[in-house]
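Chain by chain, the residues:
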Amino acid sequence: MDPRLNPYAPGAGTPPPELAGRDDLIERAAIALDRIRAGRSARSVILYGLRGVGKTVLLNRIRLDAEARGIASVKIEAPEERSLPGLLAPALRATLLRLNRGEAARASAQRALRALAGFAKALKVKYQDIELGLELDPEEGVADSGDLDNDLVELLSAVGAAAADRDTAVVLFIDELQYVPEDQLASLITALHNANQDQLPVTMVAAGLPQLLGHTGRAKSYAERLFEFSPVDRLDDAAARAALIVPAAKEGVEYEPTAVDEILDQTRGYPYFLQEWGKHSWNVADMSPIERSDTQRATVDALAELDASFFRVRFDRLTPAEKRYMRAMAELGAGPHRSGDIADVLGRRVTTVAPVRNALIAKGMIFSPAHGDTAFTVPLFDGFMKRIMPDIDHL
Ligand SMILES: Nc1ncnc2c1ncn2[C@@H]1O[C@H](COP(=O)(O)OP(=O)(O)OP(=O)(O)O)[C@@H](O)[C@H]1O
Ligand SMILES: [Mg+2]
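Residues numbered from 1 in each chain as written. Chains lettered and ligands numbered in written order. Predicted model: local features only at pLDDT ≥ 70, side-chain atom pairs only at ≥ 80, totals over all residues. Heavy atoms only, no water.

**Focus on the packing of helix α5 (residues 148-165) against helix α6 (residues 182-197)**
At a closest axis distance of 8 Å, the pairing of α5 and α6 adopts a crossing angle of 40°. Between α5 and α6 the crossing geometry is right-handed. Each of Leu148, Asp149, Leu152, Val153, Leu156 and Ser157 in α5 lies in contact with α6, whose residues at this interface are Gln184, Ser187, Leu188, Thr190, Ala191, Leu192 and Asn194. For the contact of α5 with α6, a count of residues per class yields seven nonpolar, five polar and one charged. (Axes fitted to C-alpha atoms, helices over the stretch in contact; angles between N-to-C directions. Helix = DSSP H or I, 4+ residues; strand = E, 2+ residues; numbered from the N terminus. Left-handed = near helix turned anticlockwise from the far one by under 90°. Contact = heavy atoms within 4.5 Å. Nonpolar A, V, L, I, M, F, W, Y, C, P; charged D, E, K, R; others polar.)

Right under this line is the structure:
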């Protein structure tokens, strides 16, 4: 059918044509943010899940909804190898400048901007990637000690006061939070905890890979009392069907039920894959309804495209030893797997391969769902590893 009318939206953070199965999560986050704005106690949310389950899309949706209700947002994506202060400073500045508009709350917003100036100046020595245009001079003695723990507490407290003055909340929306180094994450949680105790309307909504759970827990043991950790998983049967059927129906196109079954089998309800299969099914079908034979052809096309892009770019970032480790995991199936079993496939000892496993965790390729277990962060990666490295005997 006409690719120009294809409604599906495979991509990273691309809003889907039908955001299926996430109403509960969106509503829970909205309630928490509204309560925090009102100075009431609430745990904000941290969304965690595998690659492509729709965390970024959800985070953006929660943010846009919050902005529409008058909440001030600070949008941050944490790439690898950047410092938290380096990311936070310019994003926070933009938000504070917005709070500084109009008459009502100028003093408190300006005080927060000055705290930010001191923060950036003092920490630039340690975090050289801080770049900040400054319109106000720092206020001496506020957030300028050069110690991140201390300065972030003072900074967020000034930000919270500015937000309260404006009857709003400032919410840090941080994507890929697992890439924030643990010591910096610990400082951030301390600062948010402090603001929470003072009932200041400043909080964080974050998203990241499942290793975030261990990461935040190690950074601060009370993190789970401050945040609600919400798993973002594959879609259940009804939601997965809706994700496929609703967008097509809006274009007057239907699916035969067995065609939908085929896609659900192949994608196992993972949102990104549903978009890919929907897109290819639409493109190969001649007309409505989309039939099972269409979706079977789509499987071939979708896998070829994923192998050449989505899976491939991740594979290309791996060293030969890391590739062997991932291939050995794939041999055991989708997972999770015992680390000992993976080492057995490799014919090595667990302790010998531990550095490779740690490097893969740092790269966000695998995670440990429970002690001694290892799982892929990318769904369906086991199948890809087998296709790209068919020969297990020569690892
Ligand atoms: N609830 C949903 N229903 C249907 N499609 C969805 C849903 N959520 C996300 N998608 C689609 O899935 C794809 C991946 O979404 P997104 O980039 O938000 O995932 P992610 O979890 O942030 O992935 P990553 O870990 O790689 O950053 C997008 O193409 C998006 O349109
Ligand atoms: Mg994402």
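**What to know about the side chain of His215**
Here His215 is to be found in helix α7 (residues 212-219). Residue class for His215 comes out buried when judged on its relative accessible area of 12%. Setting aside chain neighbours within four positions, we find His215 in contact with Leu177, Gln178, Val180, Glu182 and Leu185. (Buried < 20%, exposed > 50% of the residue type's maximum accessible area, 1.4 Å probe, protein only.)

**Here we look at the site of ligand 1**
Around ligand 1 sit 26 residues, and of these Ala9, Gly13, Thr14, Lys55 and Thr56 come closest. The backbone of Thr14 places a nitrogen or oxygen atom 2.5 Å from an oxygen atom of ligand 1. Relative to its free-state accessible area of 640 Å², ligand 1 is covered by the protein chains to the extent of 96%. Of the pockets mapped on this structure, ligand 1 occupies the largest pocket. The set of elements that each furnish at least two residues to the shell around ligand 1 consists of α2 (55-68) and α11 (271-284). (Near = heavy atom within 4 Å. Polar contact = N/O pair within 3.5 Å; in protein donor to acceptor, adjacent residues only side chain to side chain. Areas by Shrake-Rupley, 256 points an atom, 1.4 Å probe, with all protein chains shown as cover. 1 Å grid on protein atoms, 1.4 Å probe; cavity = no way out; pocket = protein on both sides within 12 Å on 5 of 7 lines; lining within 4 Å. Sits in = over half its atoms within 2 Å of the grid points.)

**A few points about the nonpolar core**
Core analysis: the biggest nonpolar cluster contains 70 residues, and Leu47, Tyr255, Phe273, Phe311, Tyr325, Met326 and Phe381 have the highest contact counts within it. Here Tyr255 is in contact with Tyr8, Leu244, Ile245, Ala248, Val260, Ile263, Gly278, Ser281, Pro289 and Ile290, once residues within four sequence places are set aside. Counting residues in hydrophobic clusters, the runner-up holds 58 residues, among them Ala120, Tyr179, Ala206 and Leu212. (Core = buried A, V, L, I, M, F, W, Y, C linked by side-chain atoms within 4.5 Å.)

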